[in-house]
Amino acid sequence: MNSKAVTEFLNIYKRKEEELLSPEQLESKGVFSGEKEFIDFAERDYNTDKHWAFEIKKTVYLVGRFPGSPDRADFSLGKGRSQG
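Anyway, here's the lowdown on the structure attached to this text. (Residues numbered from 1 in each chain as written. Predicted model: local features only at pLDDT ≥ 70, side-chain atom pairs only at ≥ 80, totals over all residues. Heavy atoms only, no water.)

Looking now at the overall build of the protein chain. Broken down by element type, the protein chain carries two helices and four strands. Listing the helices and strands of the protein chain from first to last along the sequence gives α-β-β-α-β-β. When the 84 residues of the protein chain are sorted by exposure, 12% land in the buried category. Here the analysis covers contacts within the protein chain between residues at least 6 apart in sequence; of these, 21% occur between residues at least 24 apart. Total accessible area on the protein chain stands at roughly 7700 Å², and carbon and sulfur atoms take up 55% of it. (Helix = DSSP H or I, 4+ residues; strand = E, 2+ residues; numbered from the N terminus. Buried < 20%, exposed > 50% of the residue type's maximum accessible area, 1.4 Å probe, protein only. Contact = heavy atoms within 4.5 Å. Areas by Shrake-Rupley, 256 points an atom, 1.4 Å probe, with all protein chains shown as cover.)

A few words now on the pattern of salt bridges. Using the criterion set out here, one finds four salt bridges in the structure. For Arg 15, the salt bridge identified is with Glu 35, shortest N-O distance 3.0 Å. Of this pair, Arg 15 sits in the loop between α1 (4-12) and β1 (27-28) while Glu 35 sits in helix α2 (residues 35-46), and the two are 20 residues apart along the sequence. Judged by relative accessible area, Arg 15 falls into the partly exposed class, the value being 26%. For Glu 35, a relative accessible area of 9% gives the class buried. (Salt bridge = Lys/Arg side-chain N within 4 Å of Asp/Glu carboxyl O.)

The subject of this paragraph is the packing of aromatic side chains. Counting across every chain of the model gives four aromatic pairs. Plain terms: the ring middles of Phe 32 and Phe 38 are 5.0 Å apart, the flat faces sit at 65° to each other, and that makes the pair edge-to-face. Overall, the relative accessible area of 10% leaves Phe 32 in the buried class. On the basis of relative accessibility, which here comes to 34%, the residue Phe 38 falls in the partly exposed class. Centroid distance Phe 38 to Phe 41: 6.5 Å. Interplanar angle 40°. Geometry classified as tilted. Of this pair, Phe 38 and Phe 41 both sit in helix α2, separated by three residues, roughly a single helical turn. Among the aromatic residues, those joined into a ring-pair cluster are Phe 32, Phe 38 and Phe 41. (Phe/Tyr/Trp six-rings, centres within 6.5 Å; stacked < 30°, edge-to-face > 60°.)

Let's shift gears to the nonpolar core. If you look at the biggest cluster of nonpolar residues, it comprises six residues: Ala 5, Val 6, Phe 9, Leu 10, Leu 20 and Ile 39. Looking at this core, the element that brings in the most residues is α1, giving four residues. Those residues in contact with Ala 5 that sit more than four places away from it in its chain are Ile 39, Asp 40 and Glu 43. (Core = buried A, V, L, I, M, F, W, Y, C linked by side-chain atoms within 4.5 Å.)

That's the geometry; what it means functionally is another story.
Next up, the structure:
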């Protein structure tokens, strides 16, 4: 029985289970053994919050005037806050 991550990987990349690399072909001792375990390992790592990651607190938006648009400022630069 494959995990959800392995099943999704096989579907997305149109691969068959027998095409996955064996433990002899892909291994990191004590971490994963074979491509199935690697996929699960990568999925767990991807969903782990990193202590070194940071949240973007502010965003900047740019507004320009295109030919034929109503008379407005040709250019403005504004600051906004992230959503969330």
